[in-house]
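# Commentary on secondary and tertiary structure
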Amino acid sequence: MQIELFGSVKVISKSQLMKNLIGKHLLALFLLTICFSTTYPQQWEREILGDRFGATALTELPNEDLVYLQGQFLGCSDRFGTPQWSLDILNAAPPMELSPRHLASHPNGDIAVIASDSASGREMLLTLSPQGILQSIDTLELNFILTEQIAPFPDGRLAILGTRFQGPVTLAVFDRQGDTVWTKSYPNGPSFRTPMHFTTTRDSAIVLTGTQQDTTTYLFAAKLRFDGSPAWENTFFQSPILFSSPYGVLEAPDSTLHILTSVGLIVSPPALTTKLTLSAVGDSLTNDTTGLPLGAGLTATTDGDGYATYRRTNSLSNDFGLQLFRYDWNTNLQWGVNHLIPGRRIVIREVIPLADSGFAAAGQIWEGPSGPSIGTYLARLDRGGRPFENLLVGRAYYDANGNCVPDPGERNVPGLILQITGDTNLVFSTDSDGNLRQALNTGSYTLNAFPNYNYWKSATCAVNTPVNFPSTGDTTFIEFPLEPDILCPDLRVDLTATPLVVCFSNYYQVSYENVGSDTADNAYVDVIMPPSVTVDSATLPIALNLDSLYRFTLGSIAPLQTGDFRIYVTADCPPNPLDLLGRTECAFAAIYPDTNCLPTNSGWDGSSVGVELTCLPNDSLRFVIRNNSNAGMSSPGGYLVLEDNIMRINNSFQLGANDSLEFFEPGNGATWTLVADQSPGHPGNSYPIISVEGCGTDTLGNISLGFVPQFPLDDNELNIAVYCGTYLGAYDPNDKLATPEGIGPLHAIEKDQEIDYTVRFQNTGSFFAFNVIVFDTLDPRLDLTTFRMTATSHPANWQILPGGILRVEYPDINLPDSTRDEPNSHGFFRFSIFPDQSLQPGDRFEGRAAIYFDFNPPIITNTVFHTISDTMYGVVSVDTPRTRETLPITVYPNPFRERTTFRLTEPLQKGAQFELRNLSGQLVYRQDVGPVREFDIAPGALPSGLYFFRLQDARGRPATGKLLLQR
C-alpha cells in the first residue's frame, strides 16, 4: 500500500486499499455507494424505492431517458438518473386490471407496453408518449397469458413471443395499432418445441431459438421471413446424454448468428454456458465455452463490434452484484466488470445497449446479504461497463486544535460542500456522517472545501489538496480538516411550519445549532407567534409568555451541537373561514446570545437601521425608519415604499443617533412594504424590510393577497428567522416552496438574493410510512458552494451528489398517516442557496423534487422558478391625475423585456380597449380587455424604446402613462 502526503492531509492511494477497507472478497472489484452520480453524466447508479420485486424490463428512449417496469409501475429517469415521471399501469384504464410484463421503445420515442388484463384474460398493447401519457390500448387477439419477449421493427411493427391460453407458444407480429400481421405457433412437427428468444434482423426477418424435446432436450433455431414464412430450421446438441437451453440470440454485422445457451450432461450438472455461431442460413460454424455461470443474459452492443453477457439469476450469494462481460464476435474477452456494493445485494434482470455505446442495467436490490428487498436497482454504465472509474473516499473533520491530525473526540463535518477542479469540475458534499465517497474518472484534480460559516476555515494543510488518478480502478483516501478561524460561539436558528390550514392544528419547528467554534452559555430562543394561531403545547417547557412572545431556554450549546423543538398550534376558525384563506401570517424567532466576534469594517459609521410598519385603528399605515444606534449616519441611505409590488416612493434619508423618520399613507387594502438601506460596512447581513397586508379595503371592499411571499425576509442574520405562511384550504401536501417567491409573473429577484427552499411532504395513506427519500435536482444556475441545509422535520441523512442532486433520506421515519395523526403526518426540509453570480438579467432557473414513500412511485412536486432582474419593481408614470373619472392603475415591471402586467383596483367591465403608441404617435399595438382586474400585454417584435399607453373602459374613463421596453 502506497501512502502519499500532500502537506499534512493524509492521502492513501492504490486499489489495494479497497481490500483493506472492505475485505479480500472485494479485491479488484469496483465500489460505489448507492445513489452516487459519476463525473460524467452517463455514469451513475440509483436505488429506487418501489415495488419490492424490482425492475423487470428496461428500454432507452431517443432522448436518452431510461424507462423501466417496476411491478405495476412504469418509471422514467433522465440521462442523469433524475426521476421524470411514473405511471400506475394497474389503474391506467379501469375497469381493466392490467399487469405489465414487457416494454420496448419505438424509433419515434413512443413506448410499447404489454400488459395482461386479469379481468378478460387477454394481453393488451399499451402505447404511451415519451412523457408517459397513455395514448391507446389495443387487445392482442392471441389470448396470451404470458409474454416472453417483445421487440420493435424500424417500421413500427412489433414482434411478440408469448404463450397462449391452453395452447402452444406463439410468435406474432402486430402493427402499431395492435392488429395481427402474421402468427406462427409451436409445437409443430414430431417433437415438442418451446421458442424462448428471438431477434429481429436487418432484412426485417426474425430468428428465434428455443428447446426441442423428444428423448432429450436440445436446441433448435429457425428463421422466419418478413411475412412469417419459414426460411430455414435446424437443431443442435442433439444427444441422448446432453441437454441444452438458450439464453439469447443476436445477429452480427456479417449476418452470422450467435446463440448463448447452456449445454450439459443430464446426469451430471452443472452445465456450461456455450456460444454457438451459425451462418446466415443456419449452419453451425463454431461453438465456444465462455465459462460463464448458468443464468446468463445476452445483449447487443451499439457499435456492433461484439456482444455482452451478464449474470441474471436469483442467487442468494452474499457477494452478488453487477457482473458484465464483453466479447468480440470470436468470443475473445475484451473486458469484465464485477461490481459489488457493500451492504447491498443486487440481482440484475436486464442489461441493454445505449446510444452512447454504454449500457444500462436494471434489477432488484436487497438490504444487506439476507435482508428484505427494498426496490429497484438502476444504473447507467460507460462503454467499459463501469458506473465509475476511480473512487475518492475519506472524511472531513473539525480539527479543533489545528494540528491537521484527527484526534479522539474531533467530530466529522456533515454536509460539507467540496469542489473538485481540474480535468473535471464538480461540486458535492460529505454525507450526514461526514464521510465523502466520490467517483472520479482518470485525471488530475484539486480539492477544496466551502465551510459556509463564520468561525471555521479549511486548515492550511488542506487548501488546494491535489488528487490524482493516473489510471482506472484506483481508490484514494483523504482526511480533510477544518480548523477554527476565531474562537467564538455562533448560534443559528431556523423556523418552519407545516401548511397553515384554517381551523386545523399544525406545528412550527424551531431548529438551532451552534455553528461557531466555542460554547454558547445561557442560550435561549424567543418566538413571536402570529395573532391568528393559538399555542396549544410545545416539546420544550415555555420559560416565559408575554402576549404572543414565547421564550425557551436551551442552556449551554457546545460547538456544532444541534437541536430542535416543536410548538403545536391551532389556527383560528372565524365564522366565515374564507376570511383567512390566502392571507399571509409571519412568525419570528431569535436566538441568544447573539455574539459577534468578527472584526468591524473600518468604513462603517456605527449606525444600525430598522424599519416599522403598522396598520393603525383608523386604517392608516404608519411607516417608521429608525436608527437604533448611538452613532449617526455619515451619509444618506435610500428607502422604498411599495404598494403591492409597485414602487410608490423612492427617496433618501439620513438619521442622527437614535433618530427616526415617520410618515403615513391611507390604507386601501393593498399590501404595503417598506425597504431601507443599512449604512455601508454594517456588520452581518441585515436587510431592513417589512410588509403589512390587508390594511383597509379598496373601493369594492377587497384586499390584495399573495404579495408578502414575493419579497425577501429580514432574516439574513443566522440568529434571526422569519417564517411567513399563507392560509390554505384544499392544497397539495407535497410541494416545494421558495422564499422569496420573486416579484410578479416572472418571479424576479436580484442575482445576489439568497433563496430559501422548503420541500414539504405528508403521508396521506392509510398506514405508517416507514422510509421516505426525496431527490431534488438543483438547477445548474445555482451556486452549489453556497448551499446550507437549515432544517429537517425528522432525523435525516442528506448529501449533494454530483450533478447537483440533493438526496434526503429519512430512514425509519415511521411517519403516521393523516387519518391517524394529522399534525404529525407532515415532514419537510429547508435549505438555502444563492444564484450563480454569472447570471444575467433575463436568466431563469427552476426546480422541483421527487418524493418516495416506501415502495410507492415518486410524487413529483410543483416547479418553482425565478428570473434574474435588474428592474425589480414597476414604476408607473400616470399622466392623468387620479380622480373619480380616471382609472387607478399600476404597471409592473416597467421597464420590461417581453411582457408586463397592468393591475387595477377594481375589475374592468366588458368593452375596455388598450392602445400603445410610439414616440411619433403611431398606433403600434391594440388589445381588447375583458372583464378582468389584471391583464398582461406582450407586444411581440416591437423594438426597444419609450411608448405611450392608453386604457379606456366602457364608461370612457381613461388611464394613460409611459412604458419603457428594453430588449
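Computed from a predicted model, the values in this text were never measured in an experiment. (Residues numbered from 1 in each chain as written. Predicted model: local features only at pLDDT ≥ 70, side-chain atom pairs only at ≥ 80, totals over all residues. Heavy atoms only, no water.)

Here the structure, examined in full by the defined rule, presents two cavities of 30 Å³ or more. In this model, the largest cavity occupies a volume close to 220 Å³. Lining the largest cavity are 21 residues, with Asp715, Ile720, Glu754, Asp756 and Arg788 positioned closest to its centre. Looking at the lining of the largest cavity, the elements that each hand over two or more residues are strand 40 (491–497), strand 55 (720–726), strand 60 (782–792) and strand 63 (826–835). (1 Å grid on protein atoms, 1.4 Å probe; cavity = no way out; pocket = protein on both sides within 12 Å on 5 of 7 lines; lining within 4 Å. Points joined across faces, edges and corners; volume = space filled by probe spheres on them. Helix = DSSP H or I, 4+ residues; strand = E, 2+ residues; numbered from the N terminus.)

So, about unusual backbone geometry. The step from Tyr592 to Pro593 runs through a cis peptide bond, and the omega angle for that step is 5°. Along the polypeptide, Pro593 turns up in the loop between strand 47 (584–592) and strand 48 (609–615). The step from Thr739 to Pro740 runs through a cis peptide bond, and the omega angle for that step is 0°. Take Pro740: it is sitting in the loop between strand 56 (735–739) and strand 57 (748–749).

Let us look at the sheet that holds strand 44 (residues 544–546). As summarised here, the arrangement of the five strands in space is 44-45-42-47-55, forming an open sheet in which the pairing is antiparallel. Looking along the sheet, the strands with just one partner apiece sit at the ends: strand 44 and strand 55. In this sheet, neighbouring strand axes are inclined to one another by 20° on average, regardless of whether the strands run parallel or antiparallel. Across seven bridges, strand 42 (residues 520–528) lies against strand 45 (residues 549–557) in antiparallel orientation. Paired with Val527 across the bridge in strand 45 is Tyr550. (Pairing = 2+ DSSP bridges. Axes fitted to C-alpha atoms, helices over the stretch in contact; angles between N-to-C directions.)

Now for the confidence of the model for the protein chain. Per-chain confidence: the protein chain averages 83 in pLDDT, with 89% of residues scoring 70 or above. Across residues 314–319, confidence stays below pLDDT 50; counting only partners more than four residues off in sequence or on other chains, it has 10 contacts. Contacts from residues 875–884, a stretch scored under 50 in pLDDT, to residues over four places away or in other chains number 26 contacts. (pLDDT = per-residue confidence, 0-100. Contact = heavy atoms within 4.5 Å.)

Right, let's talk about the state of the cysteines for a bit. Any covalent bond linking the sulfur atoms of two cysteines counts as a disulfide. Inspection of the entire model under this criterion finds five disulfides. Each disulfide pairs two cysteine sulfurs, and for Cys404 the partner residue is Cys461, the sulfurs being separated by 1.9 Å. Torsion about the S-S bond of the Cys404 and Cys461 cystine: about -105°, corresponding to left-handed handedness. Here Cys404, found in the loop between strand 32 (390–398) and strand 33 (417–422), pairs with Cys461, found in the loop between strand 37 (456–458) and strand 38 (465–469); they are 57 residues apart in sequence, far enough to count as distant. Each sulfur of the disulfide joining Cys488 and Cys597 lies 2.0 Å from the other. Measuring the twist about the S-S bond at about 70°, one finds the Cys488-Cys597 disulfide to be right-handed. Of this pair, Cys488 sits in the loop between strand 39 (475–484) and strand 40 while Cys597 sits in the loop between strand 47 and strand 48, and the two are 109 residues apart along the sequence. On the basis of relative accessibility, which here comes to 0%, the residue Cys488 falls in the buried class. For Cys597, a relative accessible area of 29% translates into the label partly exposed. Here the bonded cysteines of the protein chain are numbered in sequence order, and their pairing is 1-2, 3-7, 4-5, 6-10, 8-9. (Disulfide = S-S within 2.5 Å. Buried < 20%, exposed > 50% of the residue type's maximum accessible area, 1.4 Å probe, protein only.)

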